[in-house]
Number of protein chains: 2
Amino acid sequence: MGSHGTLSQEFFSRVSKNTLDAEEFRRQGHLMIDFLADYYHNIETFPVRSQVSPGYLREIMPKSAPYNPEQIETVLEDVRRKILPGITHWQSPNFFAYFPVPASTAGFLGEMLATGLNVPSFNWISSPAATELENIVMDWLGKMLQLPKSFLFSGGGGGVLQASSSEAILCTLVAARDKTLRQHGMENIGRLVVYCSDQTHSSLLKGAKIAGMNPKNFRTIKTSKSSNFQLCPTQLELAILSDVENGLIPLYLCVTIGTTSSTAVDPLETLSEVGKMYKLWVHVDAAYAGSACICPEFRHFLDGIENVNSFSLNAHKWLLTTLDCCCLWLKDPSDLIKSLSTYPDYLKNHASDTRKVVDYKDWQIMLTRRFRALKLWFVLRSYGVDKLRGFIRGRMAMAKYFEGLVAMDKRFEVVVPRHFSMVCFRVSPSAVVCCDGNGENDVNEINRKLLESVNGSGKLYMSHTVLEGVYVIRFPIVGTLTDFRHVSAAWKVLQNHADSLLA
Amino acid sequence: MGSHGTLSQEFFSRVSKNTLDAEEFRRQGHLMIDFLADYYHNIETFPVRSQVSPGYLREIMPKSAPYNPEQIETVLEDVRRKILPGITHWQSPNFFAYFPVPASTAGFLGEMLATGLNVPSFNWISSPAATELENIVMDWLGKMLQLPKSFLFSGGGGGVLQASSSEAILCTLVAARDKTLRQHGMENIGRLVVYCSDQTHSSLLKGAKIAGMNPKNFRTIKTSKSSNFQLCPTQLELAILSDVENGLIPLYLCVTIGTTSSTAVDPLETLSEVGKMYKLWVHVDAAYAGSACICPEFRHFLDGIENVNSFSLNAHKWLLTTLDCCCLWLKDPSDLIKSLSTYPDYLKNHASDTRKVVDYKDWQIMLTRRFRALKLWFVLRSYGVDKLRGFIRGRMAMAKYFEGLVAMDKRFEVVVPRHFSMVCFRVSPSAVVCCDGNGENDVNEINRKLLESVNGSGKLYMSHTVLEGVYVIRFPIVGTLTDFRHVSAAWKVLQNHADSLLA
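In this text the structure is predicted, and so the values were computed from the model without any measurement. (Residues numbered from 1 in each chain as written. Chains lettered and ligands numbered in written order. Predicted model: local features only at pLDDT ≥ 70, side-chain atom pairs only at ≥ 80, totals over all residues. Heavy atoms only, no water.)

1. Comments concerning unusual backbone geometry
The line we're drawing: Only DSSP runs of H or I with at least four residues qualify as helices, and only runs of E with at least two residues qualify as strands; both kinds are numbered from the N terminus onward. Note on exposure labels: buried denotes an accessible area under 20% of the residue type's maximum, exposed denotes more than 50%, and partly exposed covers the range between, all computed with a 1.4 Å probe on protein chains only.
Put simply, Leu323(A) and Asp324(A) share a cis peptide bond, and its omega is -10°. Note on placement: Asp324(A) falls in the loop between helix H11 (315–318) and strand E8 (326–330). Phi is positive for Asn118(A), which is not a glycine, with a value near 50°. With respect to the helices and strands, the residue Asn118(A) is situated in the loop between helix H5 (105–117) and helix H6 (128–144). A positive phi is found at Glu468(B), a non-glycine position, where the angle reads about 50°. Considering the arrangement of structural elements, one finds Glu468(B) in the loop between strand E11 (461–467) and strand E12 (470–476). Judged by relative accessible area, which is 47%, Glu468(B) ranks as partly exposed.

2. Section: the interface of chain A and chain B
Put simply, the test is: Here, residues are in contact when the closest pair of their heavy atoms is within 4.5 Å. Summed over both partners, buried area is the accessible surface (1.4 Å probe) that two parts give up on being assembled. Any carboxyl oxygen of Asp or Glu that lies within 4 Å of a side-chain nitrogen of Lys or Arg is treated as forming a salt bridge with it. Under the rule applied, a polar contact is a pair of N or O atoms within 3.5 Å (in protein, one hydrogen donor and one hydrogen acceptor; residues adjacent in sequence only if both atoms are side-chain atoms). Side-chain classes are defined by residue name, with Ala, Val, Leu, Ile, Met, Phe, Trp, Tyr, Cys and Pro counting as nonpolar, Asp, Glu, Lys and Arg as charged, and the others, Gly among them, as polar.
Between chain A and chain B, the residue contacts involve 169 residues of the former and 170 residues of the latter. Summed over both partners, the interface of chain A with chain B buries about 15,500 Å², with 67% contributed by carbon and sulfur atoms. Counting the surface chain A buries against chain B, the share from its top three residues, Leu20(A), Tyr346(A) and Arg381(A), is 6%. Here chain A and chain B share 10 salt bridges between them. When the shortest N-O distance is used, the salt bridge between Arg58(B) and Asp139(A) registers 3.5 Å. At the boundary of chain A and chain B, one finds 65 residue pairs in polar contact (both at pLDDT 80 or more). Considering each element in turn, the side of chain A that touches chain B owes the most residues, 20 residues, to helix H14 (residues 373–408) of chain A. Taken together, the residues of the side of chain A that touches chain B sort by class into 86 nonpolar, 48 polar and 35 charged.

3. Observations regarding the nonpolar core
Stated precisely, the cut-off is as follows: Nine residue types can take part in a nonpolar core, namely buried Ala, Val, Leu, Ile, Met, Phe, Trp, Tyr and Cys, and a core is a set of them joined through side-chain atoms within 4.5 Å.
Membership of the largest hydrophobic core comes to 252 residues, with the highest contact counts inside it found for Phe371(A), Trp377(A), Phe378(A), Phe371(B), Trp377(B) and Phe378(B). Apart from the residues lying within four places of it in its own chain, the contact partners of Phe378(A) are Ala106(A), Leu109(A), Gly110(A), Leu113(A), Met32(B), Ile72(B), Val75(B), Leu76(B) and Val79(B). Tyr360(A), Ala208(B), Leu336(B) and Val358(B) belong to the second-largest nonpolar core, a separate cluster that totals 74 residues.

4. Here's the deal with the environment of Phe108(A)
Along the chain, Phe108(A) falls in helix H5. On the basis of relative accessibility, which here comes to 1%, the residue Phe108(A) falls in the buried class. Between the alpha carbons of Phe108(A) and Ala397(A) there is a distance of 26 Å; along the sequence they are 289 residues apart. If we ignore the near neighbours within four places in the chain, the residues touching Phe108(A) are Ile33(A), Leu36(A), Thr322(A), Phe25(B), Met112(B), Thr115(B) and Gly116(B).

5. Quick notes on the confidence of the model for chain A
All names here are of chain A. To keep things clear, this is the line we draw: Predictor confidence is given residue by residue as pLDDT, running from a minimum of 0 to a maximum of 100.
The share of residues in chain A with pLDDT of 70 or more is 95%, and the mean pLDDT across the chain is 95. Within the model, the stretch residues 1–5 combines pLDDT values under 50 with six contacts to residues more than four positions away or in other chains. Model confidence for the complex: the whole-complex pTM is 0.96, and ipTM, which rates the interface, is 0.96.

6. What to know about the relation of the copies chain A and chain B
To keep things clear, this is the line we draw: Least-squares superposition aligns the copies on the C-alpha atoms of those residues with pLDDT at or above 70 in both.
Note on the copies: chain A fits chain B at an RMSD of 0.0 Å, the axial shift is 0.0 Å, and the rotation between them is 180°. Viewed as a symmetry operation, the transformation between the two copies matches a two-fold axis. Mapped onto chain B, 100% of the interface residues of chain A again fall at the interface, so both copies present the same surface.

7. Here we look at the pattern of salt bridges
Evaluation of the coordinates by the stated rule reveals 62 salt bridges over all chains. A salt bridge links Lys375(B) to Glu111(B), with the nearest nitrogen and oxygen atoms 2.6 Å apart. On the criterion of sequence distance, the pair formed by Lys375(B) in helix H14 (residues 373–408) and Glu111(B) in helix H5 (residues 105–117) is long-range, its members being 264 residues apart. One exposure class covers both Lys375(B) and Glu111(B), and it is buried. Beyond isolated ion pairs, a larger network of salt bridges with shared partners links Glu70(A), Asp78(A), Arg81(A), Lys82(A) and Arg381(B).

8. With respect to the UniProt feature "modified residue: N6-(pyridoxal phosphate)lysine" (unreviewed entry) in chain A
Residue and element names in this part refer to chain A. What counts, and what does not: UniProt positions are given in the numbering used here, feature names are shortened, and annotations may be inferred rather than shown by experiment.
When the UniProt feature table is mapped to this numbering, "modified residue: N6-(pyridoxal phosphate)lysine" (unreviewed entry) covers Lys317. If you trace the backbone, Lys317 turns up in helix H11. Judged by relative accessible area, Lys317 falls into the buried class, the value being 17%. Contact partners of Lys317, with chain neighbours within four places excluded, come to Phe99, Pro100, Pro102, Ala287, Tyr288 and Val478.

9. Comments concerning the sheet that holds strand E9 (residues 412–414) of chain B
All names here are of chain B. Selection criterion: If DSSP finds at least two bridges between two strands, the strands pair. Axes here refer to lines fitted to C-alpha atoms; in helices the fit is confined to the stretch in contact. Angles between the N-to-C directions go from 0 to 180 degrees.
Reading across the sheet, the five strands line up as E1-E11-E12-E10-E9 and stay open at both edges, with mixed pairing between neighbours. This sheet does not close on itself; its edge strands, each paired only once, are strand E1 (95–96) and E9. Packed onto the sheet, helix H16 (residues 440–457) meets E9, strand E10 (422–427), E11 and E12 and runs at close to 35° relative to E12.

As C-alpha cells, then:
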C-alpha cells in the first residue's frame, strides 16, 4: 500500500483505537449500565424538579471542546456533578407533571439495540427487518386496541412509528390537504378549514401553520365546564355550515381522547358522523389516553373509530416505551404516501420498484429514521398483554385512590370528572374565602402558590393548567416506579404546604 | 389504604416487578451490552446487505402479541435468529452505500444515558441541563467549524439539534415563508419561489410541498458534468429575474456542500452574494460533508457562510454520533421561533415568562424531544478535536487510496472529481465497447449488473446514482471500523466480479 500504508498507521493509531473496538465498547457499556442502575436505585434522593437557575451550566463548562480525548470516567463524573443537578427527574416515582413518559427496562433495551445496530431504515432494502418488524408490531398493537381491521396491514391499512403526535398530526394534515387540493387546485389552499376545540393540543395549530394553512381558517370551538370540556358536535356542524356558506372548504377535524389540560374526551361517535357527512379528514389524537384502550373495560373510548381516517397515540406516554414513539394508524396510507413520497436515483432499488414493500420514508417527514419498532417489540414481548393491562389498571387505581384523598379534605375540590389516571384538582374557593374573603383571582393565586411551593420543595413535581379561567393542578399518575405509597406521601406533602398557605 | 391497598398488591405483584427495578435493569442491561459487543466482534461475518426476501419476517412471527411475559433471553435469541438476518449492517467495515452513519462507543453511551434519563426536554424547565448542554455543544461545534460568531449563542445566533436535515430544511423554509408573508400577506403563498439545483437533496422539494408551497414554483437549476454538477450562479440569477418579471416572489435558496449523488460543491461565496442581492433566505445543506470542515485544510468549503441565514450538517453522518443528530445553526433564531412557537396554559412557567431561557420546542416541529446533546457532548469529549480531525483525515486518505486503485485499472474510470471521502466510479465505456461494441445503455447495464453482483455476494454493499444519464457507483468511505485493508479487499472483490462480467 506504499505511502497510503504509512498514512494508515499514522492516522489509525490515533483514531480508531477504542472508537468502536468491541472490547472497549464492552467495558464502557458495562460502566454506563452500572451508572444508570445506580441512578434508578437512588432516583428518589434527587429533587424531582431541577432547582438550578438559568445559565447554571454555562458558568461551569469550558468555552470550547477539548483538543485531546478525555476518559469516560471523567465524563461520567461530570454527568454526576454538573448534569444531574440540571435534570428534572421524569422517571422519579414522585413525578406528576405534564404527561409523564414512563420508561421500562424492556423499552430501554430495545432502544439500546436499535442504537447499537444504528440502521437508518428509510426504505425496505436499507434494513428489511426494521420495516417488517414495524409492520408486525403495528398490527399487534392495533389488535390489542381492537382497531377495525381496516387500520391494519392485514386489512389494507397500516401503521407507522413516528417521533411524536406533532408529526402524526402534521403528516395527516398534509395528506388531507393534498387530497382535497388535487380536486380543488393548489390555489385554494387559503380556503381550507381545520376544526378543533379550545382543548385540542397546540400541535394541531402549529402543524396547520407549518402546512401553510391560513390561521384565519382555524376553527377553535369553545368548550365549557358544563359539558366537561368536550367538543360539541352541534357547534362543530354550525361552524362547518357557516364556512361552507362563506365559500370555504372544510378539511380536517381533530378529535381528542384525553386532552392534555384535563383528559377530556370528545364524543367520537357523533363527531365522526359529522366528519363523514361533510367529508372531513377525521384524526383521533389519543396521545396519552389511547394506551388505556388495550384494556377491554376502557375500549369504549374508541367507539366510532371505524369512521375516522387516522388515529395516533404515544407509546412513550403510557406504554412503557422510551422516547420517542408515536404510533399512527391510517385506513388508507396511500393518501399519506402521495404527499410524502420521494424517489431520487440514489435510492432506487429493485424491491421498491416492485411496490411490494413498505418504504417508511414515504410515511413521515424525515428521510432517515431510527429502528423504533425494536423497543415496542421488546415491551410487548417482555411484559405481554396481561401485564401491560395491569400496568394501566394499576395507574387507574392509584388515580382513583388519589381522587378519594382529595375528596376527603374539604379544603380541596376535584375540578373535572376523572376518566383516566389524572386527577385535576385545586384548593377550593370555600377554603380561601374562609380565610380572606376574596374572589376567584385569589383562589387562583393560592393554587399557584401551592404548586410553586410544593415544586420548590423538590419532593414532588406537578404542573398546572387553566380551565375557563380557573387555575387547576394536574396530577397524572403514570410513572413506572410510582406506587400507592408515593401517591399517599405526595398527598401529605400537598396537605402540609396547604396548611402553611391557608394558615 | 383499605381496598386500594388490596388493589395495589394485586396489581403490583404482577406489574411493577422487573419493569424498572434497578437490579433487574442492571442484569438485563449487562446482557445487552455483551450481546452488542459480541455483535461488533463478529460484524464481518454477516452479509453486509441483508439477503432476505420481502415478507420473510411475517412468515416466522406470531400474528399477535404474547399474552404472558417472555424472558429477555428468549427475545434476544429471536433477535439473533429472526432479526439479524434482516439487518443491513451499516456498522460493518464493508458498508460503502448511501452515506454511512458511523457509530462510536461515545455516541452510543451518550444515547444510552439520554434513554436512561428519558427526559423530554421541550422547554428549559422540563430539564434545564438538556437545553443548556445543547446550547453549549452547539457553540463548541460551531467554533470547531470556525462558524462566524453570529451563528453562535455567544454571538446572538444559535444552534439546535434536530432529527435530520429534512427537519432543518422544513423548519427554515417555514421561517423564511412566514417572514416574507408577514410582509406580503398570507394569500401570496402561491407566489413564493424556492431555488435549488437538480443535485439538491430530495428533502428540499418534499419540505417545500409540506410547507404548502406550489410545486410549480420550485426552480430546479440544471447542472452538468462540465461544471462538476455545481449550481451555476448565473443561471440562478436568470431564474430569479424571470420569476420577478412574472410577479413571483423569490424566497429560499438551498446551497449544497457535498451533494448526495456525487458530493458536488456548490459555489457558496458567489451564490450567497446572489442570495443577498435578491433577499433570499439562503440555507447551506452540508449534511455529510460539513463535518469535514472541522479540519482547517477543508474549512474553505464554507467560505461565504457569513452571508447565509442557516447552515446544517448531520453529526450522525460523519461525526461519530449515533442516529439521529442534525446540527442546525441560525444567525437569527427569532424568525424560526416566530413560526414555530406555542405557549399553551399547561406549559406556562416562570423561566419561559422571563424570556431568558431557550425553549427548544419553538425551534423544531415536534413538541417533545430527546436529549440529543448528550451524545454529541460524549463524542466531543471522548475523542477531542484532534482525534475527530484524525477520523475525518483517515477517511479522506482511504478515499484517495481507493481513487488510486480505480485509476490504475484501465477498465474503470473515476466519474467526477473527488472532494471528500467518496469516490464515484464506473466500468468505463472503453472496457465495455471492447467486449461487445454497444452504446451508453450497455455501459449502464454492465455497471448495474456489477453493483448487483457485488451486493448479492454479501461481501460489501455499495449503492449507485445516475448523473446525466450515466449510471455511477458511489463509494463513500466513512465507516468507523473501515480500515485500508477493507478498502483494498473491497476493490479486489469489485475487480473479481468485473472479471466475470466483462469476460
